[in-house]
Amino acid sequence: MADRLTLKDYFFESRLILNRSIVLLVFAGMLILVLFSRLFYLQVVSHEHYTTLSEDNRVKLQPIPPNRGLIFDRNGIILAENLPSYRLEITPEQIDDMGATLDALAKIIDIRETDRARFSKLLARKPAFEAIPLLFHLSDADVARFSVNRHRFPGVDITAGLARHYPHGELAVHALGYVGRIDEQALKTLDPSNYRGTTHVGKIGIEKTYEELLHGRVGLQHVETTAQGRVLRVLERSPPVSGRNLFLTLDARVQRATEAAFGDFAGSAVALDPDNGDIIAFVSLPTYDPNPFVNGIEFKAYEALQQNTREPLFNRALRGQYPPGSTIKPFIGLAGLEQGITGGHSKNYCPGYYTLPGNTRKYRDWKRTGHGTVNLHDSITQSCDVFFYDLALSLGIDNMNSYLRNFGFGRATGLDIVGELSGLLPSREWKRRRHDQAWFPGETIITGIGQGFFLTTPVQLAVATSALANGGRMLAPNIVYAEQAANTEVLIPHLPRPRETISISEQSHWDLVIGSMIDVVHGARGTARAIGKDSPYRIAGKTGTAQVFGLKEEEEYDADAIEEKLRDHALFIAFAPVDVPRIAVAVIVENGGSGGAVAAPIARKILDAFFEEPEA
Amino acid sequence: MSVAFASRHEDASRRGWQHRLHLDAQLLFSLIGLSALGLVVLYSAGGGDIELVERQLIRLGIAFASLFAVAQVPPRLLLRMTPWAFMVGVMFLVAVLIGGESSGGAQRWLNLYVVRFQPSEIMKLAVPMMVAWYLAESRLPPNRWRLLTAAVLIAVPMLMIAKQPDLGTALLIASSGFFVVFLAGLQWRLLGFFAVLVTAAAPAIWHFMHDYQRQRVITLLNPESDPLGSGYHIIQSKIAIGSGGLYGKGWMNGTQSQLDFLPERSTDFIFAVLGEEFGLLGILVLFTFYIFIVVRGIVISIQAQDTYTRLLAGSLSMTFCVYFIINTGMVTGLLPVVGLPLPMISYGGTSIVTLMAGFGILMSIQTHRKLLAA
């Protein structure tokens with residue numbers, strides 16, 4: 001032992017190191033074996049699992065939004081189309097100095113502050129290789145100006161896409177509606193998978209009602225992407241299914257004529273085919289251009305539309321609720337005949353006012369001097385109020401309510417445009433519920449001339465008129481008569497949707513009422529005789545004047561003295577030709593004054609446009 | 001093994017050029033083969049960036065030059081330089097801690113105005129040299145005082161490097177020192193005692209770890225706990241390797257690598273690129289190179305003619321082995337991510353120069369032997 005303390009034993013030491021080296025090698029070998037079994041586990045045992053994971057990593061699904069269906073009028077005139085639209089896009093990774101680039105661009109193309117703000121918001125959110133839109137809807141001039149300067153802007157590009165466009169602008173906007181960018185509210189109601197990649201959705205009107213048909217089915221493509229999502233190539237593609245084209249019952253020519261016929265008046269007109277409920281014209285005025293709404297209307301412009309006292313955004317045809325006024329008289333008259341309260345020959349004396357028994361309050365006729373002795377026919381043609389006061393009182397509110405309900409008053413018509421209001425057909429229960437009050441006879445009386453609580457919408461009035469025209473067949477109005485799958489010729493019709501038929505016990509009752517309505521236009525004393533004189537076809541009609549505010553008993557209505565917005569609404573309902581009615585219209589002219597003088601001529605223009613042979 | 005022990009059968013003529021140039025053919029050619037394989041994988045990992053490969057080629061050139069230079073230094077001179085090298089290295093480490101430059105949250109660099117380098121790289125060689133020098137002074141196995149001193153010689157630089165923090169290098173240096181002590185005959189009883197001690201000290205080590213280091217350990221145990229954060233590396237590299245299968249997806253065709261899913265794929269995670277594109281077979285080739293190099297190193301150690309060179313050669317070889325085991329272990333999700341490159345393959349770093357200098361030492365040891373009579 002002692003010598004080993006002092007002497008180095010090289011043989012012993014080399015044996016020691018050799019032994020220890022072998023120990024280390026064995027240990028390292030074991031570790032490598034562990035590593036190798038780990039690799040075997042990863043690459044052989046779990047190979048499939050990791051292959052799946054790596055495919056999931058690599059391949060991403062990308063939506064291809066479908067093209068939105070087009071909208072045509074009944075003659076194939078395009079009302080809503082998809083136009084190529086040019087966007088200015090910037091790919092951030094290709095830009096050295098974003099601020100300088102934007103400033104330089106602003107010298108060529110007008111860039112608004114809001115565009116810049118939206119852009120920088122996106123810039124922070126999107127990966128640098130993804131092109132970010134700066135401007136939408138470049139004008140041709142902008143496109144040209146940029147193209148000339150393109151070499152100065154690497155990383156800035158113009159891309160073409162499709163954008164909804166309404167070529168006729170304001171025409172029929174209240175029927176068509178418009179599309180707008182999908183916002184968070186809309187997202188909640190949409191099928192998220194079908195709307196992946198879709199930027200716009202129908203907001204109102206037909207665009208909204210028929211959203212499902214117009215939108216189509218989203219297509220998908222499998223793309224290979226990098227970890228950052230940059231697309232390298234398309235592996236597989238299932239094309240989108242374009243939205244259906246819609247063919248409307250609307251006649252753009254009649255629609256345009258109707259809108260023009262109103263002049264500067266606000267109001268509404270709805271024209272129907274009484275045979276099948278097809279809507280020929282659907283007008284609410286004033287109107288507005290939907291195109292700015294497609295890509296987000298500027299706040300100022302929107303505010304101006306909203307604050308406009310003439311309410312261009314208000315869909316009067318669908319949601320405007322007006323007292324029907326005297327246009328209700330043919331319906332009340334029919335009810336009176338059916339109930340046997342009045343006959344063709346029973347006459348009443350009209351002194352120009354009416355009083356309830358035991359009451360001194362006078363219900364005035366529009367004609368202060370009175371109509372003298374009149375029967376039902378005279379009362380309709382001359383629009384005698386007193387006759388109908390008495391008839392209403394005899395009928396009672398319950399009878400009137402049930403007859404008028406048959407003609408669709410107080411109920412939504414089921415028109416295929418969303419947002420319809422139902423008007424108001426008053427009843428005892430309604431008043432009890434709404435006002436917690438009993439029904440008074442005076443209210444029955446004024447209901448008989450379409451005043452008081454009674455409210456109707458233009459479309460409702462048009463549907464009721466067409467039921468008069470077709471002998472009692474109630475129809476849900478249709479605005480779409482056919483749809484067409486993209487790239488096909490076949491039109492798939494939308495069938496008329498009949499509602500209940502109104503049964504009238506005797507044909508003579510119809511004949512009497514309709515005969516009276518003919519005489520409103522063509523009779524010597526008819527309130528709308530001015531439009532009947534030179535008419536090449538025979539028209540049945542009824543004028544109406546609805547009070548906007550109540551006159552006191554002794555007050556004189558003086559149109560000139562009252563503010564325009566408090567003037568009476570002028571109404572007219574009509575159908576023609578009387579033998580085989582092809583069109584029924586309801587016209588309401590807000591603050592127009594007299595139905596016969598203002599509303600009837602508009603209706604005549606609508607009918608003229610409809611019957612006019614379209615230029616070949 | 002018989003091939004590795006072939007020196008007995010070597011004849012002077014076959015050894016001629018190797019002896020003159022002080023190079024070991026087996027080691028040299030396997031290192032060149034490994035580098036070539038590395039460049040092929042790197043080209044793919046860099047997405048076909050030839051410049052990346054060129055830069056790596058230059059670095060490899062410098063590394064092989066340093067191998068050649070170091071190989072010319074006789075072990076006797078190396079022995080004499082050892083304490084000085086160690087002292088200079090410790091001084092540099094102190095300088096780094098005081099005034100080093102930071103990069104990526106760690107203070108590792110020393111700017112000498114001429115060159116900017118990591119002093120910890122010097123210590124990769126200086127620590128095993130120093131411990132071998134010290135233990136070879138007296139007879140083996142070392143007594144307790146020698147062991148204690150050796151422990152201090154290892155612990156001081158290790159702790160200073162761990163403080164930078166550079167856990168991977170600290171670990172390598174500690175193991176290189178440990179291998180010397182183990183080869184020198186560290187008593188099994190003491191080894192067991194240390195093992196118990198380390199286990200007991202684990203909570204304390206946990207306490208002194210940086211947050212990100214703790215996170216790495218947590219990530220190792222459950223990578224899915226943070227799939228997009230710290231677990232992302234491990235998950236993606238496992239997917240890359242696993243989807244590579246037996247034969248791989250083919251060179252330049254690894255989707256994980258080529259489509260950016262695999263992070264740090266030219267550097268620390270390059271092993272996953274190899275695994276994805278060349279499969280288990282490619283890994284087998286790589287492992288064959290590594291194992292051959294380690295075994296060759298151990299053979300050189302065993303054939304060495306004095307204790308100092310035996311200890312040093314054995315330690316350097318085993319450290320190289322630890323190096324690639326840690327990297328592959330971390331890339332395959334067996335070990336925490338400590339940030340060690342795959343030796344000879346990963347892009348960049350001064351470490352490749354140090355590594356080759358280490359092989360230079362091995363070659364010097366092998367080729368400066370006095371030929372004994374057969």
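Residues numbered from 1 in each chain as written. Chains lettered and ligands numbered in written order. Predicted model: local features only at pLDDT ≥ 70, side-chain atom pairs only at ≥ 80, totals over all residues. Heavy atoms only, no water.

Colleague: Any chance you could explain the pattern of salt bridges here in plain terms?
Modeller: Counted by the stated rule, this structure contains 26 salt bridges over all chains. A:Asp115 is paired through a salt bridge with A:Arg118; the nearest N and O atoms lie 3.6 Å apart. Separated by 3 residues within a single helix, A:Asp115 and A:Arg118 lie in helix 5 (residues 113-125), roughly one turn from each other. Overall, the relative accessible area of 25% leaves A:Arg118 in the partly exposed class. The partner of B:Lys249 in a salt bridge is B:Glu276, and the shortest N-O contact between them spans 2.7 Å. Pair noted here: B:Lys249 is in the loop between helix 10 (232-244) and helix 11 (255-258) and B:Glu276 is in helix 12 (residues 270-303), with a separation of 27 residues, a long-range link. When its relative accessible area of 0% is taken as the criterion, B:Glu276 is described as buried. (Salt bridge = Lys/Arg side-chain N within 4 Å of Asp/Glu carboxyl O. Helix = DSSP H or I, 4+ residues; strand = E, 2+ residues; numbered from the N terminus. Buried < 20%, exposed > 50% of the residue type's maximum accessible area, 1.4 Å probe, protein only.)

Colleague: Could you clarify how one ought to interpret the environment of A:Ala599 in this entry?
Modeller: Residues and elements named next belong to chain A. Relative to the helices and strands, Ala-599 resides in helix 23 (residues 595-611). In this structure Ala-599 comes out as buried when scored by relative accessible area, which is 0%. Separated by 27 residues in the primary sequence, Ala-599 and Phe-572 place their C-alpha atoms 5.4 Å from one another. Discounting chain neighbours no more than four positions away, the residues touching Ala-599 are Ala-570, Leu-571, Phe-572, Val-587, Val-589 and Ser-594. (Contact = heavy atoms within 4.5 Å.)

Colleague: When you look at the sheet that holds strand 8 (residues 219-225) of chain A in this model, what are you seeing that I'm missing?
Modeller: Strands in a sheet are paired, the pairing made by backbone hydrogen bonds, and the direction either parallel or antiparallel. Residue and element names in this part refer to chain A. If you walk across this open sheet you meet the 3 strands as 1-8-9, and the pairing is antiparallel. The open sheet has two edge strands, strand 1 (59-64) and strand 9 (231-238), and neither has a second partner. For this sheet, the mean angle separating the axes of adjacent strands, direction not counted, is 35 degrees. Where strand 1 lies against strand 8, 6 bridges are found, and the strand directions are antiparallel. (Pairing = 2+ DSSP bridges. Axes fitted to C-alpha atoms, helices over the stretch in contact; angles between N-to-C directions.)

Colleague: Quick question: what am I supposed to make of the domain arrangement of chain A here?
Modeller: One frequently used descriptor of interface size is the decrease in accessible area upon assembly of the parts. Residues and elements named next belong to chain A. The domain boundaries assigned to chain A delineate domain 1 (62-248) and domain 2 (252-611). Taking only C-alpha atoms, the centre of domain 1 and the centre of domain 2 are 43 Å apart. Listed as interface residues are 37 residues of domain 1 and, on the opposing side, 37 residues of domain 2. Taken over both partners, the interface formed by domain 1 and domain 2 buries close to 3,300 Å², and the fraction arising from carbon and sulfur atoms is 56%. Per-residue buried area on domain 1 facing domain 2 is highest for Arg-74, His-174 and Phe-247; these three make up 23% of the total on that side. At the junction of domain 1 and domain 2, the tally comes to 2 salt bridges. At the level of elements, strand 5 (156-165), helix 7 (173-176), strand 6 (178-181), strand 7 (200-204), helix 9 (205-209) and strand 10 (245-248) are the ones that each hand at least two residues to the side of domain 1 that touches domain 2. Its residues placed into classes, the side of domain 1 that touches domain 2 shows 16 nonpolar, 13 polar and 8 charged. (Domains from an automatic or database assignment. Buried area = accessible area lost by both parts, 1.4 Å probe. Nonpolar A, V, L, I, M, F, W, Y, C, P; charged D, E, K, R; others polar.)

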